[in-house]
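Spelled out, the chains give:
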Amino acid sequence: MPMYTLRKKLMYKDKVILGFETSCDETAIAIMKDSKVLVNKISSQVNIHERFGGVVPEVASRAHSEMIRNLFHTSLNEAQLELSDIDIVASTDGPGLVGSLVVGYNFAKSVAWSLDKLFLPVDHMVGHLSAPLIEHPQLNPPFLSLLVSGGHTQIVLVEEWGKYELLGTTIDDAAGEAFDKLSRYCGFGFPGGPAIQKISEGGNESKVPLPRPKTVGEFDYSFSGLKTAAIYYLQDLKHEDEVSRKDFAASYQEAIVDSLMGVFEKAVKETNVPTISGGGGVMANKRLREKLGTFAEKDGLNLYIPSPSLSTDNAAMICSAAQMNLTTTDLNINDVRLSSIIN
Ligand code: KG4
Ligand code: ZN
């Protein structure tokens, strides 16, 4: 280990990191000490946005403003810490809904400023990328990460911590968006991913013939054609070949998971990495987790994915990204807007 990294590792060992995540519709605060999560609080706005069938940005930022102070005090109380115990403050600074980001980011920055502590802006996707470390500290580069959320679908090669290469991305909708948009069209529920997963249970995933879209870029994704094909299928449906909700949902979920796996498997083979990982809300999907498990076992790969509650948005992953950056990378801590690496 280079001297500089070792020095940083010792310097930031045992520090208390306070993390904020408000990029979409979850107000989330976590506290981590020496890589252990002391508290991980999430105040979800699902009930507020449900009736609109999607997140309403202005409503989301107002709800964050109303929630954040209480959540902050509850987090400190539950961790049995005083304000003065905090050593480092980290917050998501993008990508996400601007009005939502601003609430958490400014609150976090104010806390850091008032305590005269180090403030780290963290990229949301680097947060998802770092989430597996919480439960799997043995995750080490080189590895390939499949990041699948409501806004992004990315295959990222991590050659070393802090050095990320974006191998592929979606050219249109993200995987989570494909779940959400179809669910909204069909009235399956909000958010779409968990709703479709639930309806799919016991369904026949081969019942409805749906495409597995291809792209020009070898490791890119496309989901908008799949969504349109599913909608056309429903519109063209004749009464005599009626399909059950279960079978339709299972077939759609299978098409998304198959598409994700097909490109990801190709990327793993091409890069020859020994380890695979992932994160983002869609990583909570049972079928995707099963297929990743089977693939890893068959090919003798290490698989480190966060449990479902750490796959969807949370602030522990922001603490984890801050901790990882402080202890394992040679990045200058005064210049840690990690997003510039991925986006
Ligand atoms: O990472 P995330 O919580 O927020 C964003 O950064 O977007 O991801 C949210 C996305 C939504 O599209 C949601 O429908 C999807 O993750 N999602 C799932 C599941 N749980 C959440 N998709 C499929 N299966 C799930 N179980
Ligand atoms: Zn996310």
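Everything below is about the structure printed above this text.
Anyway, here's the lowdown on the structure attached to this text.

Conventions used here
Sequence order sets the numbering: in each chain, residues are counted from 1 along the sequence as written. Both sets of labels track the order of writing: A upward for chains, 1 upward for ligands. Residue-level local features of this predicted model are given only where pLDDT is at least 70; pairs of side-chain atoms are given and counted only at 80 or more, and the full residue set underlies all totals for whole chains, interfaces and linings. Note that water and hydrogens are dropped before the side-chain values are worked out from all heavy atoms of the structure. Here, proximity means that at least one heavy atom of the residue falls within 4 Å of the molecule or strand. Values of accessible area rely on a 1.4 Å probe in the Shrake-Rupley scheme; residue burial ignores everything except the protein chains shown. Points on a 1 Å grid, built from protein atoms alone, make a cavity when a 1.4 Å probe fits but cannot get out and make a pocket when they are open with protein on both sides within 12 Å along at least 5 of 7 lines; residues with an atom within 4 Å of a point are the lining residues. Whether a molecule lies in a cavity or pocket depends on its atoms, and more than half of them have to be within 2 Å of the grid points. The secondary structure listing takes helices from DSSP runs of H or I that are at least 4 residues long and strands from runs of E that are at least 2 residues long, numbered from the N terminus. The cut-offs for exposure are 20% and 50% of the maximum accessible area for each residue type, with area from a 1.4 Å probe on protein chains only; residues under the lower value are buried, those over the upper are exposed, and the others partly exposed. Any two residues having at least one pair of non-hydrogen atoms within 4.5 Å are treated as being in contact. The working definition used for a salt bridge is a side-chain nitrogen of Lys or Arg within 4 Å of a carboxyl oxygen of Asp or Glu. Grid points are joined across faces, edges and corners, and a volume is the space filled by probe spheres set on the points.

### Brief notes about the site of ligand 1
Around ligand 1 there are 20 residues in total, and Gly150, Asp180, Gly193, Gln197 and Asp313 lie nearest to it. The protein chains hide 88% of the 550 Å² of surface that ligand 1 would expose on its own. Comparing atom positions with the cavity grids shows ligand 1 to sit within the largest pocket. For the shell around ligand 1, the secondary-structure elements that each account for two or more residues are α5 (124–130), α7 (175–186) and α8 (192–200). The dominant element in the shell around ligand 1, judged by the number of residues it contributes, is α8, at 4 residues.

### What to know about α8
In terms of residue burial, α8 counts as a mostly covered element, since 7 of its 9 residues are buried. Where the residues of α8 are buried, they touch α7, α10 (245–271) and α11 (286–299). Gly202 occupies a position one or two residues after α8 and carries a positive phi of about 80°.

### With respect to the pattern of salt bridges
Taken as a whole and judged by the stated rule, the model has 13 salt bridges. Between Asp173 and Lys181 there is a salt bridge, and its shortest N-O distance comes to 3.3 Å. Residue classification places Lys181 among the partly exposed residues on the basis of a relative accessible area of 35%. Between Glu254 and Lys291 there is a salt bridge whose closest N-O contact spans 2.9 Å. Of this pair, Glu254 sits in helix α10 while Lys291 is found in helix α11, placing the two residues 37 residues apart along the sequence. By sharing partners, the salt bridges in this structure join Arg212, Glu254, Asp258, Arg287, Glu290 and Lys291 into a single network.

### A short note on the layout of surface pockets
When its volume is computed, the largest pocket comes out at roughly 1100 Å³. Along the wall of the largest pocket there are 37 residues; nearest its centre are Cys24, Ser149, Gly150, Asp180 and Pro191. Of all the elements in the fold, those that place two or more residues in the lining of the largest pocket are α5, α7 and α8. Among the elements that line the lining of the largest pocket, the one with the most residues is α7, at 6 residues.

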